[in-house]
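What the coordinates show
Residues per chain, in single letters:
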Amino acid sequence: MGRMVTWLQTHEQKIFHFFNQRIQNPFLDWFMNRVTHLGGATFTLGTALLLILLGNEFWRPVGWQSLVSVTASHIPVALLKKIYPRLRPYLVLPNTNTCEKPLIDHSFPSGHTTAVFALVLPIVSAVHLLGLILLPIAMLVAVSRIYLGLHYPSDVLGGMGIGTIASICCVSIMG
């Protein structure tokens, strides 16, 4: 088991270094520092509320599914951050590039990634074609978390999983 963990950590660090250091450039610095906020609470909860308040009979239930999905998905995120207190990469790995005001709470799982997937998947479930736009945006948010030195690849994969499961549950129950 120890050899497998070592192998995973080595490969995860290689992936992390690719996104955090090898592709680093001024345009991506600017872009990733902006796109990452699409996974923040203000944007995800605000978007769901706008769908509820301004949506028609079709979009209002989708907004509720997204709102419940984003909210419910953060229960396991909060629990896992307490159970598995993983330090953020910029605190552990030397020469990590990070944003101006990096977060100081625990790394696993990525809350931004969880939230953006919990927001967009009910929308994609309602209008499949929107997945062509929304899923790449959600993936960019996930990559931005690695690029900015705030999360490891496994943190964003965990966030994707939690956001996806929360969305599937909410759409199934509320749909």
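Everything here concerns the structure above.
The structure reproduced in this document is the subject of the present report. The residue numbers shown here count from 1 along each chain, following its written sequence. A pLDDT threshold of at least 70 governs which residues receive local features in this predicted model, and a stricter bar of 80 or more applies before side-chain atom pairs are shown or counted, although totals over entire chains, interfaces and linings include all residues. For side-chain calculations, the full set of non-hydrogen atoms in the structure is used, while hydrogens and water are omitted.

A separate point is the packing of aromatic side chains. Aromatic contacts are taken between Phe, Tyr and Trp rings whose centres are within 6.5 Å, Trp giving its six-membered ring; a plane angle under 30 degrees counts as stacked, one over 60 as edge-to-face, and the others as tilted. What the rule picks out here adds up to six aromatic pairs. Centre to centre, the rings of Phe27 and Phe31 are 5.8 Å apart; their planes meet at 15 degrees, and the pair counts as stacked. With Phe27 and Phe31 both in helix α2 (residues 26-35) and four residues apart, this pair spans about one turn of that helix. Between Phe58 and Trp59 the ring centres are 5.1 Å apart and the planes differ by 90 degrees, which places this aromatic pair in the edge-to-face class. For every residue, the accessible area (1.4 Å probe, protein chains only) is compared with the maximum for its type, and the residue is labelled buried under 20%, exposed over 50%, or partly exposed between those bounds. Look at Trp59 and you get partly exposed, because its relative accessible area is 23%. Here a set of aromatic residues connected by ring pairs shows up, and it is made of Phe27, Trp30 and Phe31. The helix count covers DSSP runs of H or I at least four residues long, the strand count covers runs of E at least two residues long, and both are numbered beginning at the N terminus.

Quick look at the nonpolar core now. Only buried Ala, Val, Leu, Ile, Met, Phe, Trp, Tyr and Cys residues count toward a nonpolar core, and they belong to the same one when joined by side-chain atoms within 4.5 Å. Core analysis: the biggest nonpolar cluster contains 34 residues, and Met32, Val116, Phe117, Val120 and Leu148 have the highest contact counts within it. Residue assignment for this core shows that the elements contributing at least two residues are α2, α3 (41-54), α4 (59-83), α6 (111-126), α7 (131-147) and α8 (153-174). Take this core: its biggest share by element is nine residues, from α6.

What follows covers the environment of Val70. Mapping Val70 onto the fold places it in helix α4. Residues Val70 and Cys170, spaced 100 residues apart in sequence, show a C-alpha to C-alpha distance of 9.7 Å. Apart from the residues lying within four places of it in its own chain, the contact partners of Val70 are Thr44, Leu45, Ala115, Ala118 and Leu119. Only heavy atoms matter for contacts: two residues are in contact if any of them lie within 4.5 Å across the pair.

Here the focus is α2. Listed as buried for α2 are Leu28, Met32 and Val35. With its buried residues spanning 70 degrees around the axis, α2 presents them on a single face. One side-chain oxygen at the N-terminal end of α2 lies 3.0 Å from the backbone nitrogen of Phe27; it belongs to Asn25. Note that the arc is computed from the directions linking the helix axis to the C-beta atoms. Each polar contact in these results corresponds to two N or O atoms within 3.5 Å; when the atoms are within protein, one needs to be able to donate a hydrogen and the other to accept it, and residues that are neighboring in sequence are counted only if both atoms are side-chain atoms.

Turning our eyes to something else, we now look at the packing of α4 against α6. Every axis in this analysis is a line fitted to C-alpha atoms, fitted for helices over the stretch in contact. Angles between the N-to-C directions lie between 0 and 180 degrees. At their nearest, the axes of α4 and α6 sit 8 Å apart, and the two run at 155 degrees to each other. Relative to α6, α4 is oriented roughly antiparallel. In this structure, α4 meets α6 at a crossing whose hand is right-handed. Across the interface between the two elements, Trp59, Val62, Gln65, Ser66, Ser69, Val70, Ser73, His74 and Val77 from α4 touch Gly111, Thr114, Ala115, Ala118, Leu119, Pro122, Ile123 and Ala126 from α6. Roughly parallel means an angle under 35 degrees; roughly antiparallel means over 145; roughly perpendicular covers 65 to 115; every other angle is labelled oblique. Crossings are assigned a handedness: left-handed for a near helix turned anticlockwise from the far helix by less than a right angle, right-handed for a clockwise turn.

Attention now moves to the environment of Gly161. Checked against the element boundaries, Gly161 lands in helix α8. Among the residues examined, Gly161 registers a relative accessible area of 27% and is labelled partly exposed.

In the segment running from Phe108 into Pro109, the intervening peptide bond is cis, with an omega of -10 degrees. Looking at the secondary structure, you find Pro109 in the loop between α5 (89-92) and α6. Positive phi is not limited to glycine here, since Asn95 has a value of about 65 degrees. Structurally, Asn95 is set in the loop between α5 and α6. Judged by relative accessible area, which is 68%, Asn95 ranks as exposed.

Here we come to the packing of α4 against α8. Where α4 meets α8, the closest approach of the two axes is 8 Å, and the angle between their N-to-C directions is 140 degrees. Between α4 and α8, the angle falls in the class oblique. In this structure, α4 crosses over α8, and the sense of that crossing is right-handed. Of α8, the residues touching α4 (which contributes Trp64, Gln65, Val68, Ser69, Ser73, Pro76, Val77 and Leu80) are Ile162, Gly163, Ala166, Ser167, Cys170, Val171 and Met174. Class assignment of the residues belonging to the contact of α4 with α8 gives a composition of ten nonpolar, five polar and no charged. Amino acids are sorted into nonpolar (Ala, Val, Leu, Ile, Met, Phe, Trp, Tyr, Cys and Pro), charged (Asp, Glu, Lys and Arg) and polar (every other residue, Gly among them).

By themselves, these are just geometric observations and shouldn't be taken as functional.
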